[in-house]
Amino acid sequence: MKHAIMNSGWTRYVSFGLLVLLILALSVATVLAKVYGADFAREFVYGSPVFVALWGICAVTALWYLIVRSQQKKLAAFMLHLSFILILVGALVTHLFGLQGNLHLRQGEPETGIFVNQDWQAESFPFTVSLKEFHLEYYPGTFAPMDFVSTVVVRDGDRLSEGKVAMNHIYSYRNYRFYQSGYDVDGKGTTLSVSYDPYGISITYAGYALLLISMILFLCKKDSRFRQLLHHPLLRSAGVGCVLLFMAVGGLHAGELPRTLPKGVAAKLGNLYVYYNERLCPLQTLAKDFTTKLCGSPTYKGLTSEQVLSGWLFYYDDWKEEPVIRIKSKEVGRLLGIDGTHARLVDFVGADGYKLENGIASGSLKEMRAAEEATEKFNLVSMVATGSLLKIYPYSTSDLSAASASLSSPDMPFALDASTVSGKSVISETFSSSDKLAASLSSPDVSSAGMPSVVWYSFADDLLKDMPGDVVVFIHKSMEGMSDEIARKDYKVVNGLLDEIKKYQCKEACGVLPSDMRFKAEKIYNGMTYSRYLALLCVSLVILAFVFYCRRMILQKRGRNFVITLLLSLLVVVFLYLFATISLRGYVSGHLPFSNGYETMQFMAACAILLTFFLYKRFPAIIAFGYLVCGLSLLISMMGNPILRSPC
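Residues numbered from 1 in each chain as written. Predicted model: local features only at pLDDT ≥ 70, side-chain atom pairs only at ≥ 80, totals over all residues. Heavy atoms only, no water.

**Here's the deal with the pattern of salt bridges**
Piece 1. In total, this model carries 19 salt bridges according to the counting rule given.
Piece 2. Salt-bridge contacts for R106 lead to D184; the nearest nitrogen and oxygen are separated by 2.6 Å. On the criterion of sequence distance, the pair formed by R106 in strand 1 (residues 99-106) and D184 in the loop between strand 7 (176-183) and strand 8 (189-196) is long-range, its members being 78 residues apart.
Piece 3. Residue classification places D184 among the buried positions, given a relative accessible area of 15%.
Piece 4. One salt bridge in this structure joins R344 and D347, with 2.9 Å as the shortest N-O distance.
Piece 5. According to the relative accessible area criterion, R344 is partly exposed, its value standing at 30%.
Piece 6. Salt bridges here are not isolated pairs; linked through shared partners, they connect E321, R344 and D347. (Salt bridge = Lys/Arg side-chain N within 4 Å of Asp/Glu carboxyl O. Helix = DSSP H or I, 4+ residues; strand = E, 2+ residues; numbered from the N terminus. Buried < 20%, exposed > 50% of the residue type's maximum accessible area, 1.4 Å probe, protein only.)

Next up, the structure:
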């Protein structure tokens, strides 16, 4: 027994020491990534043998400590620890045996079985790959790329397989995963990222599944510390403090602003339905994505995203002079002639025309992508200002000849069938021939539904030739009338017009609209925009928590005091926020919220908090570690939040 306790103490101190080193290494890596870039930090810290060894030894000693202390008798706790070990093992397997590389293909060229790995060495596929077709998808009415899609053919012996690779669609074959990375200027070639990791991903996902089960078991325990903290009086004070902090941060951006709608009227505009991103959602969602894409934040100087969008729509002359378009590249900023990080719309055009035209066609790949990103923002503004992005007018029709007659329109509207709601999308988007449109609308999915299709228009679209005259007038004139009333500042009439549009939507698209509960849930999710502030708060509290622990250790103090309770209460607030956003995102999207890097990192931030609650009594320094991992996970998730293309 004494020998076991000694082993327990030894592994405990080793695990704790390694944990402190890992915290320091992660802190240094964060600084290096900020100064020298993410690639530098990845090569010299995250991918270094020393860093990998630290994680490995820490995992082994932690597992041994669990066994010695017989933690396996506490099922939920043991499963939680084991899940993190599995995740680390999966990451180690990926690091040791996984392959990453690039594959360049061109149409008409012979198939190849070779790709280049991350060390620029040739690697062989157990099959061959060729490019059948490559095409760009543009934002309607513009030449700004929205997506690029590669159709590849895989020859595996006598077997031929075909797959599509897009910006938001991965093609997998025999554990090789192909991602869209870039394309040739002439549109005849594509560059695909290649990943081969048959074992690491499976182990990691098993760890995630075990982690989820352990979380459920832990939350179901009546005597858990988490439930005890929920009833602590400091939790309410901490929550109020966080709300005041968010309000104070939002107030820092006040100042002279371009004209826009009052907040209440803009919110009513955001309450309309819109066909956006291949689904029906609140117009508020489009406004949030548009503002985030444009400004780098879902708000601008205290204005809501609906106010920003409505400002461009109704007060274009004011907003074109506002430095609201965020420019990340210094080279693009130089071409635009700006000194800071934000440009005005008028900065994009000079005496010789569009300033970035030459920048897109020349320069390094990084500069070309930066110029394309800036051009995409320029075109998005144009689409909002002209109204072509606002597909808010549905029209129910089963007349295929009438639908085909609209193909001459430069901005083809979107056709949506009721079967889309159940997950079978029947969408007609910028078809090249009437046969293609007819084939889409007369598919088995449509006929089996037994309901007419619904076509969604903006007020800038050309309408169906056989559409009733009163509907044509309403679609073309309602927004024009609203603009006139906004100029007169008669917002009562504006609210009435918005109510009429909403009634029209409910009448024409009653069979395909999302449920009221899902619609409201998405609006609540859109309003929860504090992840960035929470991330900064968590990272800021790391040093305070660590210094506080060192002081207590030097003074040999034990037990909980006010500061520890406050730190834990703040963690509860952060966890409740993350739990709410993750749950809402999963409900609105209709799938488990682990489908991309953003959702996974949000989930990991919540798990880091739960791990802190499990271990803080034995390892008080884990509070600082919990804040660090949570904050870094949230910051990383902010870098990969899908905007404007992927569904919520």
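Past the structure itself, the notes keep going.
**Description of helix 4 (residues 75-97)**
Piece 1. Under the 1.5 Å per step criterion, the end-to-end length of helix 4 is 32 Å for 23 residues, consistent within 8% with the ideal 33 Å.
Piece 2. When we look at burial in helix 4, the residues that qualify are A76, A77, F78, M79, L80, H81, S83, F84, I85, I87, G90 and V93. (Expected span 1.5 Å × (residues − 1).)

**Description of empty space enclosed by the protein**
Piece 1. In total, this model carries four cavities of 30 Å³ or more according to the counting rule given.
Piece 2. Along the walls of the second largest cavity sit eleven residues, with A545, F548, Y549, P620 and I623 positioned nearest its centre.
Piece 3. Of all the secondary-structure elements, those providing two or more residues to the lining of the second largest cavity are helix 21 (531-554), helix 22 (562-589) and helix 24 (622-639).
Piece 4. For the lining of the second largest cavity, the leading source of residues is helix 21, giving five residues.
Piece 5. Considering only residue class, the lining of the second largest cavity consists of ten nonpolar, no polar and one charged. (1 Å grid on protein atoms, 1.4 Å probe; cavity = no way out; pocket = protein on both sides within 12 Å on 5 of 7 lines; lining within 4 Å. Points joined across faces, edges and corners; volume = space filled by probe spheres on them. Nonpolar A, V, L, I, M, F, W, Y, C, P; charged D, E, K, R; others polar.)

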